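Fold and geometry: a report
Read off the chains here:
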Amino acid sequence: MKDYLDGLNHAQKDAVINYQGPSLVIAGAGSGKTRVLTFRIAHLLKNGVKPYEILSLTFTNKAAKEMCERISLIVGSQTTKYLWMGTFHSIFARILRKEAEHIGFVSNFTIYDTADSKNLLKSVIKEMALDPNVYKISGVLSRISSAKNDLITAEMYQSNNQLIAHDRQSKMPELSRIYKLYVTRCRNNNAMDFDDLLLNTNVLFRNKPEVLEKYQEQFKYILVDEYQDTNFSQFLIIKKLSAKHRNICVVGDDAQSIYSFRGAKIENILNFRNDYPEYQLFKLEQNYRSTQNIVNAANSVISKNRKQIKKDVFSENDEGELIRVFELYTDAEEGYLVANKINDLRMSEHYHFRDFAILYRTNAQSRIFEESLRKKNIPYRIYGGLSFYQRKEIKDILAYCRLVVNKNDNEAIKRIINYPKRGIGDASVDKIEEISLQAGVSMWHFISNIDKNPELATSGRLMKPLLVFREMISSLTLRQDEYNAADMLIQIARESGMLKEMHSDQTPEGISRYENIQELMNAVQEFVSTFESTEEVPTLANYLQNVALLTDQDTEKGENDVVTLMTIHASKGLEFKNVFLVGMEEDLFPGELSTHSASDLEEERRLFYVAVTRAEKNLVLSYAKSRYKWGTLSARKPSRFIQEIDAKYLDWQAGESQNNRTFNQSFKGRTTIEDEKFAEQQNVTKQMNQTGDLQIPESQNSSFKTSAKLNLKAGDIVEHQKFGIGQVLQINESGSNSVAIVNFQNGGSKQLLLKFANLRVIKK
DNA sequence: CCGGTGTGGATTTTT
DNA sequence: TCCACACCGG
C-alpha cells in the first residue's frame, strides 16, 4: 500500500488507481474532485509515466497552478515542471506557436482578448460601411464566437444555407462577410482571438495529420477538469488527441454545468459513454464540505432536472442548521439584514470576515450590499468588474510591447500611435490605415517606409511625428532580445512618454494608473525571475506570449480577512462557511428570463445548485418583495427554486424585526426602515468618532455625479466612490480647475481634481 | 480639448 | 433610471 493514497476514500481511490482507458469521474459538489485529479496524476508519475506524456487541461490558470502545486508536494517540483498542465487556451497556444507555420501564422502571433476583438470588429464594420446600429459589435462578435466554437469557419459559414437564412431573417445578411473579413484582418495582423486558439488547433490537426500524430503519440494520458464546461471545439481536440492511446480521464459534474451561454455543451459529459463505450465510471458522492441539510436541500432542487447523470450525493457531516429564508420588503432592508447577520454570526460563532460570502446573480446587485456593509464598517471585497489587464493604462503599455514584438499588429499600433499625444490625430490614423490596407501592408510597414514615399504623408505636419514614432519603435525593437522583459518594459514606459504622462497626472485616477503600471512592472519582474535557473531568456516576446491569457484571479494578492461579494458564476469551485444568497426573486433568479426554454430553466436550476453548495455551515436565502429596477419600483415574488427546496430543510422568516420595527411602504425613497437603531444612525452627528471612523447616514438626494458643482469648502465631509469617506482640508483654485485636498479615512490625504472626482457631499 | 446633449442598452463571462 | 458612448459646437 502506497502511503500517499491512504487519505482517499474508496471511490476516490478507485478513480485514482484505475488509470488505463477512458474514465468518467462524476464528482459531486465538495466531493474532492481536485484531490482525485492531482492524486491520479501523481499516481501516473509514480508508475513510471513520464511527465511530458501527461496532458492535463483546466479552465482557469488558478486551477492549473493549484493542481501543479499539490502534485509537486507528492512527487517534487522537478517532475511537475515537465507536465503539460494548463488551461485549454494556454496549452494550445503553446502548441500553435510551435506549429504556427503549418497554418500560415508566425510563431509570435498576438492573442487578442475580447476588447481587442471588439475594436477590430468595429473597424471591420466601419470598413464595410455597414450601419453599426444594425450590426452591433457585441452581437456580431458572439455570433462569430459561437460559430468558431462549433467549428464553423468563415468559408463554411458562407455556404451554410441555414445560417445565412437565419442572418437574413435577423436583418443582418452581411454577417458572413463580416466574419470573413474579421478573420482576414486577424490573419493580416498575425493575431488570434480566444476562440481561434481552439479553432486553429482543430484546423491544424485536421490539415496536418502528421502533426496530430506527433501529439497523439506524446500525450499518453490526458486529463480534463470541469468537463461539463467544454465546448464542441474543445471536445473535438480532446477526442482527436486521445484517439490513439484512449487514456482519457474526464472529471466533472453535470449538475454544475452553468456556462452554456459561452458555448459549453453539457452533452459532452452526458454522452461520454457513447464516445468511449469501453469507459469506466467513477462516482464521487460523498460531500465533505457541507452540512447534511445543505447537501440534501441542494439535491432536492437538482433532482428536478431531466438532463442528468444519476448520483446520490450525501454528507456525513453534522445535520447542521436549517436553511434560512428571509422575505423582506425592499433591497435596502435586505442589505441591512445581511450586514446584521454577518455581525451576529461573527459575534456568536467567532467567524472571520473571510468566512462569509454574499452571492448574487448579476454584478449590478452588489451595490446595496456594499452600502450596508460600509455602514457597519464590515470590510469586503467585490470580485468581478474591470480586471487588471483590462485597464486602459495596462492595455496601452502592453500595446507598445505587442507592436515591438509583432509589427503586423494594427490594433496595437492604432491604440498607441497617438498616445501619449504626439500630433497624429484620428483622421491621420484612419488615412494611414486606409492606404496601408489598400497597399496590402501593415500600418507599421507603411510608416517605416514613409520617408521613401513622402508624398504619402497626408500633410507636411504629419511627417515629423511619424518619423519620431518610427524611430522610437525601431530602436526598441532592436533592443528587444538584448534586454529582459522587465528592462524592456521600463524602457518602453519611459521612451513612449507614458511614464511622464502618468506622473504628471496627480488626480487620484492618475495616481492609481501610475500604481497599476508599477504593479505590472512587478509582475514582469517576477516573470523574469522565474527564468533565473533556466537557460531560456525571459524576452519581451516570451512574456507577451501568454499575457492575454492571464486574468485578474491570477494576480490575486494575499487574502485579507474580508467578506466576499461575487456572482454565483464566479464562486464556482470556492467554498465559504456562511453564504448569503441574495436577490432571490423570480425575475432575477430566474424562471422568467427573456429566453426561457426548458434547458435554460435547467441551467438556472444548476446555477442555483452551484450557489447552494458553496456553503459549509450556514446558508441564508433572501429576497425583497419590492425592488427598484431601471428606476421603477415593482412587486417581486420569490424564485421558484426556493419552493423547489424540500420544505423540511427550510426555516422561513419574515423580515427579522417586524416586532420592533415598522415598515414604511409608501416607497418614498429607497429607505423604508424606521427603527430606533436606524433613526439613531440618521441623527448621528456626522463627525469622526474616537477611532477616526465615520458613522455615515444614508444621504437621500445626493448622488455621485454632480461633483463639478459641489462648491466645496474646507471642513466639508465628502464621499468618493473609490476612496470612501474623507474630510476636505483645503481647496486650491488653479485656472478653471479646482483641486480639493481631502483627508480620507483610509489611505491618507489625496488631491482630487474636482472635475474628475466622483464625489458626493455628506455634510457641508 | 472640453462640456453639453442625445441615444441605446441594461444576465452570467474561468479564456 | 442610470450609465457609457458617440457626436457636435464652441
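For the structure itself, consult the block above.
Read on for an overview of the structure. Predicted, not measured: the structure shown is a model, and the values here were computed from it.

**Some details on the packing of helix 5 (residues 88-98) against helix 11 (residues 194-207)**
Between helix 5 and helix 11, the least distance of the axes is 9 Å, while the angle of their chain directions is 50°. Put simply, helix 5 runs oblique to helix 11. For the pair helix 5 and helix 11, the crossing hand works out as left-handed. Residue-level inspection shows Phe88, His89, Phe92, Ala93, Ile95 and Leu96 of helix 5 in contact with helix 11, the latter providing Phe194, Asp196, Leu197, Leu198, Asn200, Thr201 and Leu204. A class-by-class count of the residues in the contact of helix 5 with helix 11 yields nine nonpolar, three polar and one charged.

**A closer look at helix 9 (residues 161-169)**
Listing the buried residues of helix 9 in full gives Leu163, Ile164 and Asp167. Down the axis of helix 9, the buried side of the element spans an arc of 100°, and every buried residue falls inside it. Facing away from the buried side of helix 9 by over 90 degrees, the exposed positions are Asn161, Gln162, Arg168 and Gln169. Looking at the buried side of helix 9, the elements it contacts are helix 7 (137-149), helix 8 (154-158) and helix 10 (175-188). The N-capping residue of helix 9, defined by a side-chain oxygen 3.0 Å from the backbone nitrogen of Gln162, is Asn160. Phi turns positive, to about 60°, at Lys171, one or two residues after helix 9.

**Digging into the packing of aromatic side chains**
Counted under the stated rule, the structure contains 20 aromatic pairs. An angle of 45° between the planes, with centres 6.3 Å apart, marks the rings of Phe205 and Tyr215 as tilted. Linking Phe205 in helix 11 with Tyr215 in helix 12 (residues 209-218), this pair joins segments that are ten residues apart in sequence. The exposure classification of Phe205 matches that of Tyr215, with both residues buried. On the numbers, 5.9 Å between centres and 80° between planes, the contact of Tyr351 with Phe356 is edge-to-face. Overall, the relative accessible area of 13% leaves Tyr351 in the buried class. Between Arg381 and the ring centre of Tyr383, over which it is positioned, the NZ or CZ distance is 4.2 Å. Its end group placed over the ring of Tyr419, Lys392 keeps NZ or CZ at 4.0 Å from the ring centre.

What counts, and at which threshold
- Residues numbered from 1 in each chain as written.
- Chains lettered and ligands numbered in written order.
- Predicted model: local features only at pLDDT ≥ 70, side-chain atom pairs only at ≥ 80, totals over all residues.
- Heavy atoms only, no water.
- Axes fitted to C-alpha atoms, helices over the stretch in contact; angles between N-to-C directions.
- Helix = DSSP H or I, 4+ residues; strand = E, 2+ residues; numbered from the N terminus.
- Parallel < 35°, antiparallel > 145°, perpendicular 65-115°, else oblique.
- Left-handed = near helix turned anticlockwise from the far one by under 90°.
- Contact = heavy atoms within 4.5 Å.
- Nonpolar A, V, L, I, M, F, W, Y, C, P; charged D, E, K, R; others polar.
- Buried < 20%, exposed > 50% of the residue type's maximum accessible area, 1.4 Å probe, protein only.
- Arc of directions from axis to C-beta.
- Polar contact = N/O pair within 3.5 Å; in protein donor to acceptor, adjacent residues only side chain to side chain.
- Phe/Tyr/Trp six-rings, centres within 6.5 Å; stacked < 30°, edge-to-face > 60°.
- Lys NZ or Arg CZ within 6 Å of the ring centre and 35° of its normal.

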